[in-house]
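# Remarks on the overall topology
Here is how the chains run, residue by residue.
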Amino acid sequence: MAFEGLTERLQNAISKLRRKGKVSEADVKEVMREIRLALLEADVNFKVVKDFVKTVRTRAVGAEVLESLTPAQQIVKIVNEELVKVMGQEASPLNKSPKIPTIIMMVGLQGAGKTTTAGKLALKLKEEQHARPLLIAADVYRPAAVDQLKILGQNIDVPVFEMGTDVNPVEIVRQGLALGKEKKNDYIIIDTAGRLQIDERLMNELAQIKELSQPNEILLTVDAMTGQNAVEVADGFNSQLDVTGVVLTKLDGDTRGGAALSIRAVTGKPIKFIGQGEKMTDLDVFYPDRMASRILG
Ligand code: GDP
């Protein structure tokens, strides 16, 4: 289960206060030491942990907690509020173009779940907004990515524009955009190539596709299971492409929590959606407050 270790450790740390009537500064310090370790063990970015602990500690040695008859509850409240803050406070809606089409460019490393997420997003738009999305298959390097998108498209009844794997992806996008505009699709979702790691060729190609398509949204898909690596990947993509949002996938797995808690603070970009399974319906809007509640258990 996701966050299992983190939830247990946070609860244990705070529960020690429940046995006390009134708490001292030293008690708060001890709890904060344990919270710090719990976050580091959950693979949260070092600097994020440092700032988080400092903020919570400052609030917790104030009257709110020390004078309280229910100090543990007060600390839970503070930790909860600061978790929500570190994850961006509010949900971030998808950017929408004032006139159709809204163009969404999906980017990410191979295996993160980019192609699957492109399909999930198309289905979500279709079901929730009665939209008529078009998918463009421009991931020509991963074997079978084009076929995978075609099959996904058939399953969710969304058209997929593809030109096989022998055509330059920038050209595929050019023609796909022209078709989408002609057919008056309201959303065009471009599935771009990923690689095993960030490299210059990949970034150049993505920069060209960005330049050509002028997307309203560049959604970076990262795998929550990869922890701080996901955060580094997000930072790398963001510095080169200035992404507009992140999709955190595989939160149905036993991820420790590091990516969910670090990405916003490290990159400044919001997590917009979370993937919670392999089915096409397993994509949800990311709500920082719900995630904080889930983490605190
Ligand atoms: P891409 O290389 O980034 O396009 O990755 P794919 O979309 O092909 O996804 C790689 C694998 O991850 C596939 O087996 C997907 O079914 C799986 N996957 C994607 N998103 C999720 C998710 O949210 N949860 C789980 N459990 N698996 C996912």
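All values derive from a computational prediction rather than experimental measurement.

Let's shift gears to the site of the ligand. What surrounds the ligand is a group of 18 residues, the closest being Gly111, Lys114, Thr116, Asp252 and Glu278. Taking Lys120, its side chain carries an N or O atom lying 3.5 Å from an oxygen atom of the ligand. Within the contact set of the ligand, an oxygen atom lies 3.2 Å away from a backbone nitrogen or oxygen of Gly275. Taken by itself the ligand offers 590 Å² of open surface, and the protein chains cover 82% of this. Split into classes, the residues belonging to the shell around the ligand amount to 2 nonpolar, 10 polar and 6 charged.

Let us now look at the pairing of strand S2 (residues 133-138). Within S2, 6 of the 6 residues are buried, which leaves the element mostly enclosed by the surrounding structure. The side-chain alternation of S2 yields two buried faces, one formed by Pro133, Leu135 and Ala137 and the other by Leu134, Ile136 and Ala138. Two elements, S2 and strand S4 (residues 187-192), share 6 bridges in a ladder whose sense is parallel. Within the sheet, the bridge partner assigned to Leu134 lies in S4 and is Ile188. Following the backbone out of S2, through helix H7 (residues 145-156) and into the adjacent parallel strand S3 (residues 160-161), one traces a crossover that is right-handed.

Turning our attention to the packing of aromatic side chains. Scanning the entire structure with this criterion turns up 0 aromatic pairs. Across from the ring centre of Tyr141, 5.0 Å away, lies the NZ or CZ of Arg195, which sits over that ring. Sitting over the ring of Tyr287, Arg290 keeps its end group 3.9 Å from the ring centre.

With that out of the way, let us pick up the UniProt feature "domain: AAA+ ATPase" (unreviewed entry) in the protein chain. Per the UniProt record, "domain: AAA+ ATPase" (unreviewed entry) is annotated on residues 100-278. Each end of residues 100-278 is marked by a C-alpha atom, and these two atoms are 30 Å apart; helix forms 45% of the span and strand 21%.

Read from one edge of the open sheet, 8 strands run S3-S2-S4-S1-S5-S6-S7-S8, paired in mixed fashion. A single partner strand is all that each edge strand has here, and the edge strands are S3 and strand S8 (283-285). The sheet contact formed by strand S1 (residues 102-108) and strand S5 (residues 217-223) spans 5 bridges and is parallel. Residue Gly108 lies in a different strand from S5, and its bridge partner there is Thr221.

The rules behind the values
Residues numbered from 1 in each chain as written. Predicted model: local features only at pLDDT ≥ 70, side-chain atom pairs only at ≥ 80, totals over all residues. Heavy atoms only, no water. Near = heavy atom within 4 Å. Polar contact = N/O pair within 3.5 Å; in protein donor to acceptor, adjacent residues only side chain to side chain. Areas by Shrake-Rupley, 256 points an atom, 1.4 Å probe, with all protein chains shown as cover. Nonpolar A, V, L, I, M, F, W, Y, C, P; charged D, E, K, R; others polar. Buried < 20%, exposed > 50% of the residue type's maximum accessible area, 1.4 Å probe, protein only. Helix = DSSP H or I, 4+ residues; strand = E, 2+ residues; numbered from the N terminus. Pairing = 2+ DSSP bridges. Right-handed = clockwise from strand over helix to strand, strands pointing away. Phe/Tyr/Trp six-rings, centres within 6.5 Å; stacked < 30°, edge-to-face > 60°. Lys NZ or Arg CZ within 6 Å of the ring centre and 35° of its normal. UniProt positions renumbered as here; feature names shortened; annotations may be inferred.

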